Amino acid sequence: MRVIVAGGGVAGLALGHGLVKYGVDVEVLEARSGIEATGYRLHMNADGGNALRFLLTPAAYAAYEQTSRRNPRRHVLAILDENLRERGARAHIGAPNDRLVPHTAVNRLTLRQILASALGERLHHDACVIGYTETADSVTVRLEDGREFTGDVLVAAEGMGSPVRRQRLGEPEFRDTGEAAIYSRVSYAALEGLDLPPVLEDGFILAFDPPGREFTFGPFPPRRPVREVAAELLPGTTLTDVVPYLQVTVSVPAEGPNAFTQGSVWDADQSALHTHMVKAVQEWSPVVRDIVDRIDVTSVSAVPIRGIATTEPWEPSRVTVVGDAIHGMPPNYGAGANTALKDAAYLAEHLLRVADGSDLVEEIGAYEAAMRAYAYPIANAAQNPASRNDATFVPEPSA
Ligand SMILES: Cc1cc2nc3c(=O)[nH]c(=O)nc-3n(C[C@H](O)[C@H](O)[C@H](O)COP(=O)(O)OP(=O)(O)OC[C@H]3O[C@@H](n4cnc5c(N)ncnc54)[C@H](O)[C@@H]3O)c2cc1C
């Protein structure tokens, strides 16, 4: 069996890594020129952790664990006011990641580099997928540059804008919150000398002021230096070094004029976005103002906060979907990547049964039914405005 994966993000790389581990022929097609630093910290729960345990080689799994964040003081999402006084706390969504590394976090670039480590030449960069042709016994995917790849299965893993998903299931209905996340990071070294309250070491921190300006703080002190782990566990693989940092994000209305911006955030450069962050915390406690002042301006960028509506069940075929391409959701639950990794593991498990004689399309259908049952409740709850800023809101449990 030959599997073609469109998109080398979290889900596509994890699926590719797992299929290589279990001896399945796979090609991963990624539009970008390399593995770039898109985003910083990813909160990890048991959905993501268990999937990685199944998909990764033992050395890669150990590298994932050892480059994840140190155990926090408390395993909660702490909710604070503008003076960093606690308003409440919410359990993280999903079961804890592991007994020894409960509810951890990873640096997104490091995770993707670890996932790519097993792929070698099976990972194709500058490979922008535009569509496919399906026959009774194969599927051929087309790239923008005219190349084609043929296999038995095609997996759409190109995120919310996925062309394969669009062809397979129709145009997704975007659910835009109208907000953008301006996210950034500040190194622990740059914070030296500040009297940081211990709550900033907790699992994840959401802080908002009376007008509703909302900041999040995500500590990322890796357990071990990333380069040291690479040299020991994955020789030959380059893992970009990561200094311990605090991720700082503010949610703002994307279009102005408003409290943060004079116009659209999409027109603002890094320095202007940083200035918006600085202005937003003028009434906040001095330590928050100091943290925001010290943000590395070259790390600042803005992304839309949005999701896509879930899709009614469909008849399975040899073209399937994983991750944000099918259940893109706003990041407020820290669940999108975890669910995408769970998809990769479930799909791999079902594809492996084909080698034992199971029917390919039936196995894909079984994966898709399971995925809709566990992923849709989370995606729908994350899109519910009531889930924002509420210490007590708990989504429907997933199946
Ligand atoms: C600010 C922010 C914070 C977040 N924090 C968390 C968190 O803490 N925990 C969590 O679980 N989730 C989090 N998420 C959600 C998480 O980022 C996504 O759910 C996850 O990345 C989805 O993985 P994916 O592989 O489906 O898609 P992506 O990671 O978006 O990967 C898609 C890949 O496909 C490539 N691609 C796109 N188009 C094409 C094409 N035509 N051909 C080939 N390749 C293509 C892209 O370059 C990309 O590499 C966060 C999201 C945001 C925006």
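Within every chain, residues take consecutive numbers counted from 1 along the sequence as written. Given that this is a predicted model, residues contribute local features only at a pLDDT of at least 70 and side-chain atom pairs are listed and counted only at 80 or more, while totals for whole chains, interfaces and linings are drawn from all residues. Hydrogens and water are ignored here; the side-chain numbers use all heavy atoms of the structure.

**Notes on the overall build of the protein chain**
Strands are runs of DSSP state E lasting at least 2 residues, helices are runs of H or I lasting at least 4, and numbering of each runs from the N terminus. Broken down by element type, the protein chain carries eleven helices and 17 strands. Here the C-alpha atoms of the protein chain give a radius of gyration of 21 Å, agreeing with the 21 Å that 2.2 N^0.38 yields for 399 residues. Considering the protein chain as a whole, with its 399 residues, one finds that 56% of them fall into the buried category. Charged-residue counts in this description rest on Lys and Arg as positive and Asp and Glu as negative, His and the chain ends being excluded. Throughout, a charge is located at the NZ atom of Lys, the CZ atom of Arg, the CG atom of Asp or the CD atom of Glu. Averaged over its 36 positive side-chain charges, the protein chain has a centre that lies 4 Å from the centre of its 51 negative ones. Two things to know: the radius of gyration comes from C-alpha atoms, and the globule rule equals 2.2 Å times the number of residues to the power 0.38. Whether a residue is buried, partly exposed or exposed follows from its accessible area with a 1.4 Å probe, protein chains only, as a fraction of its type maximum: under 20%, in between, or over 50%, in that order.

**What about the domain arrangement of the protein chain?**
Domain start and stop points were drawn from an automatic or database domain assignment. The assigned domain composition of the protein chain is domain 1 (2-73 + 98-175 + 308-387) and domain 2 (176-305). Inter-centroid distance (C-alpha atoms) of domain 1 to domain 2 is 26 Å. By the convention used here, residues are in contact when the closest approach between their heavy atoms is within 4.5 Å. Counting residues at the interface gives 31 residues for domain 1 and 31 residues for domain 2. Here the quantity called buried area is the total loss of accessible area, with a 1.4 Å probe, experienced by two parts when brought into contact, counted for both. Here domain 1 meets domain 2 over a buried area of about 2600 Å², counting both sides, of which 56% is carbon and sulfur. When the buried area of domain 1 at its contact with domain 2 is split by residue, Tyr40, Arg41 and Gln66 rank highest and sum to 28% of it. Definition used for salt bridges: Asp or Glu carboxyl oxygen within 4 Å of a side-chain nitrogen of Lys or Arg. Joining domain 1 to domain 2, the criterion identifies two salt bridges. The partner of Asp202 in a salt bridge is Arg73, with the nearest N and O atoms 2.9 Å apart. The term polar contact refers here to a pair of N or O atoms within 3.5 Å; inside protein, the definition further demands a hydrogen-donor-capable atom paired with an acceptor-capable atom, and it admits residues adjacent in sequence only when both atoms are side-chain atoms. Counting across the domain 1 and domain 2 interface gives 15 residue pairs in polar contact (both at pLDDT 80 or more). Side-chain classes are defined by residue name, with Ala, Val, Leu, Ile, Met, Phe, Trp, Tyr, Cys and Pro counting as nonpolar, Asp, Glu, Lys and Arg as charged, and the others, Gly among them, as polar. Class assignment of the residues belonging to the side of domain 1 that touches domain 2 gives a composition of 14 nonpolar, eleven polar and six charged.

**Let's talk about the sheet that holds strand β14 (residues 214-220)**
Two strands qualify as a pair provided DSSP detects at least 2 bridges between them. Pairing in this open sheet of seven strands is mixed, and the strands run β5-β4-β13-β14-β15-β12-β16 from one edge to the other. Edge positions in the sheet fall to β5 (86-91) and β16 (301-308), since each of these pairs with one other strand and no more. Going across the sheet, the axis of each strand differs from the next one's by a mean of 25°, ignoring polarity. Pairing geometry for strand β12 (residues 174-187) and strand β15 (residues 245-253), over nine bridges, is antiparallel. Here an axis means a line fitted to C-alpha atoms, over the contact stretch when the element is a helix, while the angle between two N-to-C directions is reported on a 0 to 180 degree scale.

**Observations concerning the environment of Gly178**
By the secondary structure assignment, Gly178 is in strand β12. What makes Gly178 partly exposed here is its relative accessible area of 39%. It is 36 Å that separates the C-alpha atoms of Gly178 and Val226, two residues lying 48 residues apart in sequence.

**Let's talk about the site of the ligand**
What surrounds the ligand is a group of 31 residues, the closest being Glu30, His43, Arg108, Asp324 and Ala337. Here an oxygen atom of the ligand and a side-chain polar atom of Arg32 are 3.4 Å apart. About the coverage of the ligand: the protein hides 82% of its 1000 Å² of free accessible area. At the level of elements, α1 (10-21), β3 (41-44), α4 (108-116) and α10 (336-354) are the ones that each hand at least two residues to the shell around the ligand. Per element, the largest residue contribution to the shell around the ligand is four residues, and it comes from α10. We call a residue near a molecule or strand when any one of its heavy atoms sits within 4 Å of it. Note on areas: Shrake-Rupley, 1.4 Å probe, and residue coverage restricted to the protein chains presented here.

**Focus on the pattern of salt bridges**
Opposite charge on two side chains lets them pair, provided their charged atoms get close. Tallied over the entire structure, the rule returns 18 salt bridges. Salt-bridge contacts for Lys342 lead to Asp47; the nearest nitrogen and oxygen are separated by 3.3 Å. Highlighted residues: Lys342 in helix α10 and Asp47 in helix α2 (residues 46-55), separated in sequence by 295 residues. You'll find Lys342 and Asp47 in the same group, each marked buried. Taken together, the shared-partner salt bridges in this structure form one network comprising Arg2, Asp25, Glu27 and Arg122.

**Some thoughts on the nonpolar core**
What is meant by a nonpolar core is a set of buried Ala, Val, Leu, Ile, Met, Phe, Trp, Tyr and Cys residues, joined one to another through side-chain atoms within 4.5 Å. The biggest cluster of nonpolar side chains holds 77 residues, and the ones touching the most others in it are Val3, Leu52, Leu56, Tyr64 and Leu154. With nine residues, the top contributor of residues to this core is α10. Those residues in contact with Leu52 that lie beyond four places of it in its chain are Met44, Tyr61, Tyr64, Leu111, Leu115 and Leu341. Membership of the second largest hydrophobic core comes to 33 residues, among which are Leu80, Ala207, Phe215 and Phe217.

**Comments concerning the environment of Val287**
Within the secondary structure, Val287 is located in helix α8 (residues 286-293). Note on Val287: relative accessible area 16%, which makes it buried. Distance from Val287 to Leu191, taken between C-alpha atoms, is 9.9 Å for residues 96 residues apart in sequence. If we ignore the near neighbours within four places in the chain, the residues touching Val287 are Leu84, Asp195, Leu196 and Pro197.

**Concerning the sheet that holds strand β10 (residues 148-151)**
The strand order across the open sheet built from three strands is β8-β9-β10, with neighbouring strands paired in antiparallel fashion. Two strands lie at the open edges of the sheet, namely β8 (129-134) and β10, each paired on one side alone. Along the sheet, successive strands turn relative to each other by an average axial angle of 20°, direction set aside. Judged from the four bridges that link them, strand β9 (residues 139-143) and β10 form a sheet pairing that is antiparallel. By the bridge assignment for β10, Thr140 is matched with Thr150.

**Section: unusual backbone geometry**
With the exception of glycine, the majority of residues adopt a negative phi angle, and the majority of peptide bonds are in the trans configuration. Despite not being glycine, His103 has its phi angle at roughly 35°, a positive value. If you trace the backbone, His103 turns up in the loop between β5 and β6 (104-107). Overall, the relative accessible area of 7% leaves His103 in the buried class. One non-glycine residue, Asp126, adopts positive backbone phi at about 50°.

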